[in-house]
Structures are given as structure tokens and as C-alpha cells.
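Each chain is listed here by its residues.
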Amino acid sequence: MRLLGTGAFVRAARSARLTVLRPALSAPSVTLTLGTSRQQSSHAVASNPVRSTFPQQSNLDDAEKSDIDEPRAAGGTSDRLSDFERRLLNQENNSVWRDAGLAGAKISGKTYMLDATSNLSPSILPLVGRRLYNIPNHPLCITRKLIESVFSRWNFVNHTAENPVVTTQKNFDSLGFPADHPGRSRTDTYYVNSDHVLRTHTSAHQVAAFEHMQKTNSRKYTICADVYRRDSIDKSHFPVFHQMEGAWCWTVGDKNPRKRFEMFHKRKDMIKNSLKEIPGLGGRLVRVEDAVHHHKSNPVQLEHDEEVTSLLSEHLKRHLEALVDRVFTEAAAAGVGGENAADKPIQIRWVEAYFPFTSPSFELEVFWQGEWMELLGCGIVSQPILNKSGLHKAVGWAWGLGVERLAMMLFGIPDIRLFWSEDERFLSQFQEGKITKYVPFSKFPACYKDVAFWIPSSPSAASPLEARDVGVAAAAGGDATKASPTETQPAAFHENDIMEIVRDIGGTLIEDVRLVDEFVHPKTGRKSLCYRINYRSLERTLTNEEVNDLHRQVTEKLTSDLHVELR
Ligand code: DAH
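The rules behind each value
Residues numbered from 1 in each chain as written. Predicted model: local features only at pLDDT ≥ 70, side-chain atom pairs only at ≥ 80, totals over all residues. Heavy atoms only, no water. Helix = DSSP H or I, 4+ residues; strand = E, 2+ residues; numbered from the N terminus. Buried < 20%, exposed > 50% of the residue type's maximum accessible area, 1.4 Å probe, protein only. Contact = heavy atoms within 4.5 Å. Areas by Shrake-Rupley, 256 points an atom, 1.4 Å probe, with all protein chains shown as cover. Near = heavy atom within 4 Å. Polar contact = N/O pair within 3.5 Å; in protein donor to acceptor, adjacent residues only side chain to side chain. Nonpolar A, V, L, I, M, F, W, Y, C, P; charged D, E, K, R; others polar. Core = buried A, V, L, I, M, F, W, Y, C linked by side-chain atoms within 4.5 Å. Salt bridge = Lys/Arg side-chain N within 4 Å of Asp/Glu carboxyl O. Pairing = 2+ DSSP bridges. Axes fitted to C-alpha atoms, helices over the stretch in contact; angles between N-to-C directions.

Visitor: Please clarify how the overall build of the chain should be interpreted in this entry.
Guide: Looking only at helices and strands, one finds 13 helices and 22 strands in the chain. Sorting the 567 residues of the chain into buried and exposed places 57% on the buried side. Considering only contacts in the chain between residues 6 or more positions apart, those separated by 24 or more positions represent 73%. Total accessible area computed for the chain in this model is approximately 23,400 Å², and 52% of it derives from carbon and sulfur atoms.

Visitor: Would you mind showing me how to read the site of the ligand here?
Guide: Neighbouring the ligand are 17 residues, the closest being Leu4, His201, Ser203, Arg229 and Glu245. In the environment of the ligand, a nitrogen atom lies 2.8 Å from a nitrogen or oxygen atom belonging to the side chain of Ser203. One nitrogen or oxygen atom from the main chain of Ala398 is found 3.1 Å from an oxygen atom belonging to the ligand. Bound to the protein, the ligand loses 100% of the 360 Å² it would expose on its own. Looking at the shell around the ligand, the elements with two or more residues in it are strand 11 (240-251), strand 15 (371-381) and strand 16 (394-402). Of the residues belonging to the shell around the ligand, the class tally is seven nonpolar, eight polar and two charged.

Visitor: Is there a simple way to explain the environment of Asn93 in this structure?
Guide: Here Asn93 is to be found in the loop between helix 2 (83-89) and strand 3 (95-99). A residue is classified by how much of its surface remains accessible, and Asn93, at 35% relative accessible area, is partly exposed. Sequence-distant contacts of Asn93, defined by excluding residues within four places in its chain, comprise Lys106, Ile107, Ser108 and Gly109. Here Gly109 takes part through its backbone nitrogen, which lies 2.9 Å from a polar atom of the side chain of Asn93.

Visitor: Got a minute to help me understand the nonpolar core in this structure?
Guide: Across soluble globular proteins, you tend to see nonpolar side chains buried next to one another. Grouped together as the largest cluster of nonpolar side chains are 82 residues, with contacts concentrated most on Ile107, Leu120, Trp397 and Trp399. For this core, the element with the highest residue contribution is helix 7 (residues 306-333), accounting for eleven residues.

Visitor: I'm lost on the pattern of salt bridges in this one. Help?
Guide: Close approach of charged atoms allows side chains with opposite charge to pair. Inspection of every chain in the model, using the stated rule, returns 34 salt bridges. Arg503 is paired through a salt bridge with Glu500; the nearest N and O atoms lie 3.1 Å apart. Of this pair, Arg503 and Glu500 both sit in helix 12 (residues 495-506), three residues apart, roughly one helical turn. Taking the relative accessible area as the measure of exposure, Glu500 reaches 0% and is therefore buried. Salt bridges sharing partners connect three or more residues here, namely Arg287, Asp290, Glu314, Lys317, Arg318 and Glu321.

Visitor: Even after reading the chapter, I still don't get the environment of Ser174, so can you show me in this structure?
Guide: Along the chain, Ser174 falls in the loop between helix 4 (168-171) and strand 8 (191-193). Each C-alpha atom, one on Ser174 and one on Ile385, is 7.4 Å from the other, the two residues being 211 residues apart in sequence. When sequence neighbours within four positions are dropped, the list of residues in contact with Ser174 reads Gln169, Val207, Ile385 and Lys388.

Visitor: Help me understand the sheet that holds strand 20 (residues 510-520), please; the structure alone is not making it clear to me.
Guide: One key point about sheets: their strands pair by backbone hydrogen bonds, in either a parallel or an antiparallel sense. Taking strand neighbours across the sheet as the criterion, the four strands line up as 20-21-17-22 in an open arrangement whose pairing is antiparallel. The sheet is open, and its two borders are formed by strand 20 and strand 22 (565-566), each paired with just one other strand. Both strand 17 (residues 447-454) and strand 21 (residues 527-535) contribute to a ladder of eight bridges, which runs antiparallel. Its bridge partner lying in strand 21, Lys449 is registered against Ile533. Helix-sheet contacts for helix 13 (residues 544-562) involve strand 17, strand 21 and strand 22, and the interaxial angle to strand 17 is about 20°.

Visitor: Can you help me understand the sheet that holds strand 4 (residues 102-107) in this one?
Guide: Across the sheet, which stays open at both edges, the three strands sit in the order 3-4-5 with antiparallel pairing between neighbours. The open sheet has two edge strands with one neighbour each: strand 3 and strand 5 (110-113). If you compare each strand with its neighbour and ignore which way they point, the axes differ by 30° on average. Pairing of strand 3 with strand 4 involves five bridges; the strand directions are antiparallel. Paired with Trp97 across the two strands is Gly104, which belongs to strand 4.

This is the structure we're talking about:
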């Protein structure tokens, strides 16, 4: 999962991390030495009286699962539907329909008009609505339930959200994304139209979930849903994946202002006591490094108390460690990771991060198959978000993770495309409530083909495909994006556009696409790129003719849509 934060950047720039070296197989419970961050006295309790009051007991329904989809945002109610939209409603679900110069999409049973911003590609809509996280014997559903079970003893309310179309307001603005955040660009995000996107993260529902919290007097939730990103193609990236998000808030519920100070202390004690209830780790997990709970580069929010922030950060990190511990313990018990996996230590580390909607913010990384891999992002919820949701008196933490990534580790599933397989040889291997090691049913041969081309020096017709089809100029995204992974170059060309074309033509027959050569002509300054496309089906052997035909279509489309010149 590529997180929407800037952890890697922050990491490169700062060295404020506290290192806690641990011997392998150390004692099960991990104790943390608090960091060396500068004390921020302006946040001291006495000089910054806290507005909150002491929490009432919340009555949560343990088994509750709600769906936080909200009413259709665009186009008004059905009696205001235009004739076009009415006819669009009769079309096939999750498809685009054009008539008389208009274009619209029907997604999750609702209608949306397309416009010049639309960049829905043909391969993406058929993937909407599968709800893999809801199919009991599917590994993603089993993983979701495992994650929910880690938090269930604290009575989390578990949400799902079916319709992936959300407003840009929800996906970005409500969470404080700046106007120039790269996540907003058309090269990274699927726009249904200028006001609606296929959600890029479950955090798009954070405000709705906090509002639900406020109304129901619950204090903890998870959300699971499918999310969509234009991205690279390899064994761990697919344009649709699943995220899960969790949050826990504390309020102080006494309205008497004279009791606020006392209540504030009570809340602190509650968090401290709650820390003691976090389950001990199984002994396999080794925390290599911790990030200090806050730092001037990863600050306590203006309205927050420093000690409470430290306690919440500690509480958050220890819960997530318990989650990761559970995943690896279950995986080892199923024999994933080889014989004696249970005896092999797993290294994790916390790193400072930046998300627009939390501060301080962290990412958790795990050392997996020889490299550090991001598992999740998290932090202390931005107070304006809680305030907006009616939770003025609450403070809280939140996290978000990619479900596929955990499921791949849990079951030993080597390729993210497998989750979309309808092949019985895959599906029959999994059973509700059980963690079992995935057994490859066969490895079919791969066939790679290279495509080399000169990239245009002027902006290309940007992304696929619908905008052009509805007769609207497909304006380039306009962001300063990467020409290739190694170099920044403004606008003319974006690697994700190649990925999208390859995916539209090859679908799940593409295993990965990699840049293998890059060359700048010494005289003309023109740049040439060479990509290697690896074709491999997970279910059968591809014929030569089939691969040649796919590759011909890819090269033709690269030329016609991106105006590259083949070499
Ligand atoms: N939504 C973030 C992403 O996709 C992950 C995340 C980070 C979720 C921090 C959170 C959070 O709820 O508090 O990159």
C-alpha cells in the first residue's frame, strides 16, 4: 500500500528517531523508553485548560456492523433526475453509458455524469461491487475478521461502505489535504467527474464514522472497504485493493466547568489503565526502532496536552503491535514462512510520518522478504476533524492499513492478483475462521516483452479514456509528476498512464511492468524509455499468439493515446 502520507520523505530528512535495540526473542512484553523530544511547556495542563469533560460509559453493541454509505451525493433525488440519468439507471451496473453526446456512469446503482475530469478506464468499473471482504471463505474476509477480532474485546463498531464513489470533499478536503497534494492528481486518482472520485482510502469515511460515533455514543470503530488508485503494476499493487481503518476516542463527559480539571486527570488515568490491558506479544515480534511519541517535527497539536498525546501514541502503537503480532503468530501456526517459522523473529520499526489528518503521525514497517515494507499509517486524530463531527470533547487515535498486504503475509499468497481469482483451485483453499497456508496450484510460464519509445516533449493527452470518448479535451493533469521513477519532469508524461493502458488491455494477465532502460539522446536531448511487460496468467498457459496480440494492442494504444514514438 502506498500511503497517502510522506513517511519516506520525512524519514530521509530527519534523524529524530529513538532506537530501542532488542535481542531476538526477547521477553514478550515490549517496554518503551520514552524519547528525548523537547518539552513543549506551552501545552502544559495548567496553562492550557482542557475543554473536555469526563467520559460517560458508552453503550456499544458488540456485534454491530453498520454500513456508512450515505445518500447519493450528485444529481439530486430521483424525481429530479434528468431524462439521460433516468435511462442511465436502466443500464448495466458499474459501467459507462453514452448517448447523444452525453456520458454517465452507473456505479453501485447510482448515476454520475462524466465530465472533462473523468479518467475512469474500462478495466476499473467491472471490479466494483465484488465485496470480497464480505465473502466468508475469501482470504480478505478472513483477514478482515481477524483484524476485527483483535479489537473486538474493546467493543469496536465495525463499518463497511459499499459505494466507492465519494466526493472530493470527503476524500480530500474534509481531511485537510492541501490543494496541491499529489494524491489529488488525475495521474494517481480515478475521477468520476470533477466532484467525485473512486475513494483512494477508507479515511474518506472518517468524518461520517465520527458523526456516527457522536450520535450513537460509541467511541471506537473500524471501517473496511475497497479503495482505488492508479498505480504501478507488480505483485503487490493492483488498482483496487482493500483498506481497513480504526479509531478510538476518549471523551470527558462532565458538563460542570469546575470539574474539568479533575475530569481531565481522570481521562488520563483511563488511558493509562487501558494501556495495561493490551495483550502481551507472543515473543516473535521484535521492535527494532520506535519513533518518539512526538517531536517538533511531528508535533503535539495546539489544543492538545503533551502528556495525553504521549499516552495516546503509546496506546495506539501497542495496539497495532498486538495486531501485527497476532497476524504473524497465526501465519507461523499455519506454516507460512517455512518450518520453525514460530521461532524466527519478525522485525518491525516505527517511523515518523506526515498525514494531513493526524499529528503526530507514524508508519509501521516490517522487515519482510529482505526489505522494509510499510504496513500501515496512523496518528493522533486532527482535532478539527473531531470538532466537525460534534466530538469537541474527545481526543483520539486512528490507523489505516492495506488488507491485502496483511493477507499475503498471513496466508503466504505471493501475488495480489490472486485475490480477484474466481478459480476454484484458489478459492477452495480457504475456509471461514481458518488461517491456512496457500498452496500454489501451478506456476504457469511467464512471457515478457519490451516496448521502447521516445516520450513527447509536449503534454500528452492525459489519461484514459472516457473524457476523450465523450468529446471533451482530456487536459493533462497539470501536476509536476514523474516522467520515470528516477527523474522528475513536468506534465508531458506520467508512468501511471502507461500502467493504465497496459492494464486496460491485459487485465490480470499482466504480472508486472518495469522500467528497464532510460536514455537521453546526447544531441537532441530527447528521452527514450524502455518498459518490460511481464505477461503471465495465474490460471493457465498463455499462447504465443495471445501474448503477441496483447502486446501489439498495448504498443498501438501507447502510440495513439500518449503520442509516444516507438523505437
Ligand atoms: N488513509 C491513509 C492512507 O491511505 C492511512 C491512514 C493514516 C489512515 C493515518 C488513518 C490515519 O486513519 O490516522 O495512506
